[in-house]
Amino acid sequence: GAVVSQHPSRVICKSGTSVKIECRSLDFQATTMFWYRQFPKQSLMLMATSNEGSKATYEQGVEKDKFLINHASLTLSTLTVTSAHPEDSSFYICSARVLAGGPVTDTQYFGPGTRLTVL
Amino acid sequence: QKEVEQNSGPLSVPEGAIASLNCTYSDRGSQSFFWYRQYSGKSPELIMFIYSNGDKEDGRFTAQLNKASQYVSLLIRDSQPSDSATYLCAVPPLGNQFYFGTGTSLTVIP
């Protein structure tokens, strides 16, 4: 299957700092990437949809000024958590949409995730 | 009504038994369906997809799709403790967003 990398895998930062998370599709071009957040023992929560070359579409309740998303190329999307606070501590996961031959094989592959801890 | 619904479990089965995971969806136009497995502390990984009515087998896993009844299931034969995870059902609609179920937690008891 398609490979998606995410960096860093784990980050600990002080309250008020900004953290950037990178998501890369390694062996394919991804016109669409998704950013999810997952709290312990809870389900995936979609934060935003990122399309290459255009502004991200944020889900209701997600602050676009706090979670900055940039999808500058077909293989890289970044999520920047600005002025992070302890309540932003979570598992952040990106995924990339793969269109392989048509809608019936349209799927997405996930990166390994980034565990953010804000002290 | 949610786009995709799953029984959150937890579901416990003894080692060697068949685990049956179910998912219902609301959009009759959905064409393809995916099962992801998520181990605790890890991101989801794709294990199967199906887009034709009937069964699709891959090793110990069988996906079953019934479009008339709008449900898709995943059977795990000869369950192993390593199968203990949360299983997510996903449906990509005609638009851009994928819909995930909340996941079913499976525990295989040795």
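Scroll up a little and you will see the structure.
We now turn to the structure provided with this report. (Residues numbered from 1 in each chain as written. Chains lettered and ligands numbered in written order. Predicted model: local features only at pLDDT ≥ 70, side-chain atom pairs only at ≥ 80, totals over all residues. Heavy atoms only, no water.)

Quick word on the state of the cysteines
Residue and element names in this part refer to chain A. Our working rule: Counting rule for disulfides: a pair of cysteine sulfur atoms within 2.5 Å. By definition, any uninterrupted DSSP run of H or I lasting at least four residues is a helix, any uninterrupted run of E lasting at least two residues is a strand, and each is numbered from the N terminus. Each residue is assigned to one of three classes by its accessible area relative to the maximum for its type, calculated with a 1.4 Å probe on protein chains only: buried under 20%, partly exposed between the two thresholds, exposed over 50%.
Per the stated rule, a full pass over the model turns up two disulfides over all chains. A sulfur-sulfur separation of 2.0 Å characterises the disulfide bridge that pairs C23 with C94. Between C23 and C94, the S-S torsion sits near 80 degrees, and that sign places the bridge as right-handed. Note that C23 is positioned in strand β3 (residues 19–25) and C94 in strand β9 (residues 90–98), a separation of 71 residues in sequence. Exposure class is identical for C23 and C94. Each is buried.

Section: the nonpolar core
Nonpolar side chains tend toward joint burial in soluble globular proteins. Keep this limit in mind: For this analysis, a nonpolar core means a set of buried residues of the types Ala, Val, Leu, Ile, Met, Phe, Trp, Tyr and Cys, connected via side-chain atoms within 4.5 Å. Contacts are assigned to residue pairs with any non-hydrogen atoms lying within 4.5 Å of each other.
V4, W35, F67, L79, Y92 and L116 of chain A are the most contacted members of the largest nonpolar core, which has 26 residues in total. Secondary structure elements with two or more residues in this core: β2 (10–13), β3, β4 (32–38), β5 (45–51), β7 (67–73), β8 (76–81), β9 and β11 (114–118) of chain A. Sort the elements by how many residues they give to this core and β9 of chain A lands first, with four residues. Apart from the residues within four sequence positions on either side, F67 of chain A is in contact with R37, M47, Y58, V62, L79, T80, V81, D88 and Y92 of chain A. Counting residues in hydrophobic clusters, the runner-up holds 23 residues, among them L21, Y25, L65 and V91 of chain B.

Details of the packing of aromatic side chains
What characterises a pair of aromatic rings is the spacing of the ring centres plus the angle enclosed by the ring planes. To keep things clear, this is the line we draw: For Phe, Tyr and Trp, where Trp contributes only its six-membered ring, two rings pair if their centres lie within 6.5 Å, and the inter-plane angle classes them as stacked under 30 degrees, edge-to-face over 60, or tilted in between.
Taken as a whole and judged by the stated rule, the model has ten aromatic pairs over all chains. On the numbers, 4.5 Å between centres and 40 degrees between planes, the contact of Y25 of chain B with F33 of chain B is tilted. In this pair, the class of Y25 of chain B matches that of F33 of chain B, namely buried. Through a chain of ring-to-ring contacts, three or more aromatic side chains come together here, namely F34, Y36 and F110 of chain A together with Y36 and F100 of chain B.

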